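# Understanding the architecture of this molecule
Here's the letter readout for the chains.
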Amino acid sequence: MPTYADGRRIMARIYVIEDDPAVRGEVEVLLERAGHEAVCACAFDRVAESGLAARPDLVLLDLGLPGTDGLIVARELRQTSDVPIIVLTSRTTDVDELMSMSMGADAFIEKPYNGQVLLAHIDAVLRRAGRAGAAGRTMEHAGLVLDLSRSRASFEGREVDLTKNELRILETLMRRPGRVVSREELMEALWSTDSFVDDNTLTVNVNRLRQTLARIGATDYVVTRRGQGYAV
Amino acid sequence: MSARGPRALGFGAYLGAHRTALVFCILCCAFAWPLLAAMGVGAGERGLLEVLLALAFAALQVGAWARERAWVEEARRIAGAGSDALALATDAEDADGLEGGALTGAVRAVAAEAARQVGAARAAEADYRDFVETWVHEVKTLLAAANLFVENANDPALRPLSRELARVEAYVEQALFYARSSSLENDYVIYDRALGPLAAEAVRSRATQLIEAHVAVDLMGMVRSDGSDIVAPCDPKWLVFIVGQLIDNAVRYRADPARDGRSPRIVLAAREEAVGTAGERVALSVRDNGCGIAAADLPRVCERGFTGQNGRSQRRSTGLGLYLVATLCKKMGLGVSVDSQEGAWTEVRIAFPRNRFGDERDDV
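Everything numeric in this text was worked out from a predicted model, so none of it was measured.

### Considerations on the overall build of chain A
Scanning chain A from terminus to terminus reveals eight helices and 13 strands. The C-alpha atoms of chain A give 19 Å as radius of gyration, which agrees with the globular expectation for 232 residues (17 Å, within 12%). Taken over the C-alpha atoms alone, chain A extends approximately 55 × 40 × 30 Å along its principal axes. Relative to its full complement of 232 residues, chain A shows a buried share of 41%. Taking all contacts inside chain A whose residues are at least 6 apart in sequence as the whole, residues at least 24 apart take part in 57%.

Structure follows, in structure tokens:
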């Protein structure tokens, strides 16, 4: 398992084909924080070739590229490799989506997208393809380890399964350890996975998460900051 | 447009139209009689000459009628052709004779110029559409960068920024669909899609606004009672936009718990109606429990720029949302109806006819 200099293991090597430098930079930050290694294309004339030379586990492909078309790149990649491809685009006709899929893309995400949604898609595609990183992303804070792909939390050697909503809430809280996450932010995180909870349901969900964590000994792991939100 | 085709030009009608010439011919024959008598021409010869004169006049009139009839009938055909007038005028056949020739020439010139102008306008419109699509594409790339930046920064202080970005995105989308709605081209792709995921996508796209306004969303009715998908023919991108506009309205005119004594709520539901009949359809409804629409305003809410009492009192209405919804639905052949009780609720229903595309699909 390859590792970073600081010892964290690298989940997957992801080749990013995106011509907008600002988006490219932010995607790079997003991927590396999630434990992936991002390799970015800088020139686009023979991007499929140079992309495959980097031996990526997954390719993120923007459709609107200077001098070429993302669909052509997708086809070139597919001709010589079965590397999973996720197409990202801001074009808004359905034809692009259908074309991308017929060119062999594994997923299609429209810009502007939510970063966590992108990471979830990457996890799902890697898992489906049985690639590196399929082992799963994990997060750790104050002795509690969260395995995102298996939806399990472990604390002092004890493990427990989390529901989809519990996982999402805990992940969002652990992304900002020690600081308050507002109820609105938690609701948005849940809504992005089609769990359209209202205020009351969120309270119920957070309390269930507390009970679940208490079962593995992590009592009072989630604290309420009255009028502000929650924190771990 | 006349169902009987163009009116034929009978000889009687022709003579009626050329009364002056007819009277002149009769007067000529009448004056010729005493004139020839004064010149000492015998009665038998006079009679013969009168008959020859009358025949010559008659031949002239019949000849002129035959020529005129052709182009008058052609002109009448074009005049009565309605939306086909331009095509008929372009193909107008050359008529014999001075007037006919001049007239068909003029008609063809007008038609050619009109066709040129329509072509130029269509090309300009297509260019404009391309520009808007490209522009929206560029802005969305910038928004993607900005959203990822806010998300990566993971700082609660930046939340207002992400809220404003979401609003920018909604307005950009509106500009795109406004250009699409006024376009002469129909660039949607209609096929059967499950409505539940599309409604969910629309709700997700308004998540920030809905959560901020504490509006609860109920999507339970988007699937059948056994949990299976309800499918209807539509362009998914267009429908997500349409539902997004309806959600925007529901958020804008939501209930105020302090004033109305109820918390704001949106219920999205799909229902299969008249199943098994020729009128089989799927009805998608978006219902809120907000301030409703005044009965007097209700018939006009889909008009462009109409803001009504609500729009004026809340001061945030562009009068475009429902207009765009109605225009886009009309383009896709969907029915829209708005119903409301002031102070209680508003419901917008979109009806998808089920069988309309069945025949076409069989041909593919």
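### Looking at the interface of chain A and chain B
Facing 31 residues of chain A, the contacting portion of chain B comprises 32 residues. Contributions of two or more residues to the side of chain A that touches chain B are made by helix H1 (21-33), helix H4 (94-102) and helix H7 (183-191) of chain A. By residue number, the principal contributor to the side of chain A that touches chain B is H1(A), which donates six residues. Here the residues of the side of chain A that touches chain B sort into 12 nonpolar, seven polar and 12 charged.

### Considerations on the domain arrangement of chain A
All names here are of chain A. Assigned domains of chain A: these are domain 1 (13-129) and domain 2 (138-231). Between the C-alpha centres of domain 1 and domain 2 there is a distance of 30 Å. Residue-level contacts link five residues of domain 1 with four residues of domain 2. Tallied by class, residues from the side of domain 1 that touches domain 2 come to one nonpolar, two polar and two charged.

### Remarks on helix H3 (residues 43-79) of chain B
All names here are of chain B. Spanning 37 residues, H3 covers 52 Å between terminal C-alpha atoms, matching the ideal 54 Å at 1.5 Å per step. Of all the bends in H3, the largest measures some 25 degrees and sits at Glu 68. If you check which residues of H3 are buried, you get Trp 71, Val 72, Glu 74 and Ile 78. Among the structural elements, helix H4 (85-90) and helix H5 (98-153) are those in contact with the buried residues of H3.

### With respect to the sheet that holds strand E11 (residues 158-161) of chain A
Residue and element names in this part refer to chain A. The sheet built from four strands is open, its strands ordered E8-E9-E10-E11 with antiparallel pairing. Across the chains shown, the open sheet's two edge strands, defined by having one partner strand only, are strand E8 (138-141) and E11. The average undirected angle you get between the axes of adjacent strands in this sheet is 20 degrees. Strand direction decides the pairing type here: strand E9 (residues 144-147) and strand E10 (residues 152-155), joined by four bridges, are antiparallel. Each residue of the ladder has a partner; that of Leu 144, found in E10, is Phe 155.

### Side note on the pairing of strand E2 (residues 37-40) of chain A
Residue and element names in this part refer to chain A. For strand E1 (residues 13-17) and E2, the ladder comprises four bridges, and the chain directions are parallel. Bridge assignment links Ile 14 to a residue of E2, and that residue is Ala 38. Chirality of the crossover, the property in question, places the unit of E1, H1 and E2 among those that are right-handed.

### Thoughts on the nonpolar core
A:Leu170, B:Ala199, B:Ile242 and B:Val243 are the most contacted members of the largest nonpolar core, which has 75 residues in total. With nine residues, the top contributor of residues to this core is helix H9 (residues 236-252) of chain B. Those residues within four positions of B:Ile242 in sequence are excluded, and the remaining contacts are B:Val325, B:Leu328 and B:Cys329. Formed by 41 residues, the second largest nonpolar core is a distinct cluster that contains A:Leu61, A:Leu77, B:Leu143 and B:Ala144.

### Quick notes on the sheet that holds strand E4 (residues 265-273) of chain B
Residue and element names in this part refer to chain B. In spatial order, the strands read E2-E4-E5-E7-E6; together these five strands make up an open sheet with mixed pairing. In this open sheet, the two strands that pair with only one neighbour each are strand E2 (216-221) and strand E6 (335-341). Recorded for the sheet is a direction-independent mean angle of 15 degrees between the axes of neighbouring strands. For E2 and E4, the ladder comprises four bridges, and the chain directions are parallel. For Ala 216, the partnering residue across the bridge sits in E4 and is Arg 265. Those strands touched by H9 are E4, strand E5 (281-288) and strand E7 (345-353), and its axis lies near 25 degrees from that of E5.

Basis of the calculations
- Residues numbered from 1 in each chain as written.
- Chains lettered and ligands numbered in written order.
- Predicted model: local features only at pLDDT ≥ 70, side-chain atom pairs only at ≥ 80, totals over all residues.
- Helix = DSSP H or I, 4+ residues; strand = E, 2+ residues; numbered from the N terminus.
- Rg over C-alpha atoms; globule rule 2.2 N^0.38 Å.
- Buried ≥ 20, exposed ≤ 12 C-beta atoms within 10 Å, placed from the backbone.
- Contact = placed C-beta atoms within 7 Å.
- Nonpolar A, V, L, I, M, F, W, Y, C, P; charged D, E, K, R; others polar.
- Domains from an automatic or database assignment.
- Expected span 1.5 Å × (residues − 1).
- Bend = angle between axes of the 7 residues up to and from the residue.
- Pairing = 2+ DSSP bridges.
- Axes fitted to C-alpha atoms, helices over the stretch in contact; angles between N-to-C directions.
- Right-handed = clockwise from strand over helix to strand, strands pointing away.
- Core = buried A, V, L, I, M, F, W, Y, C linked by C-beta atoms within 7 Å.

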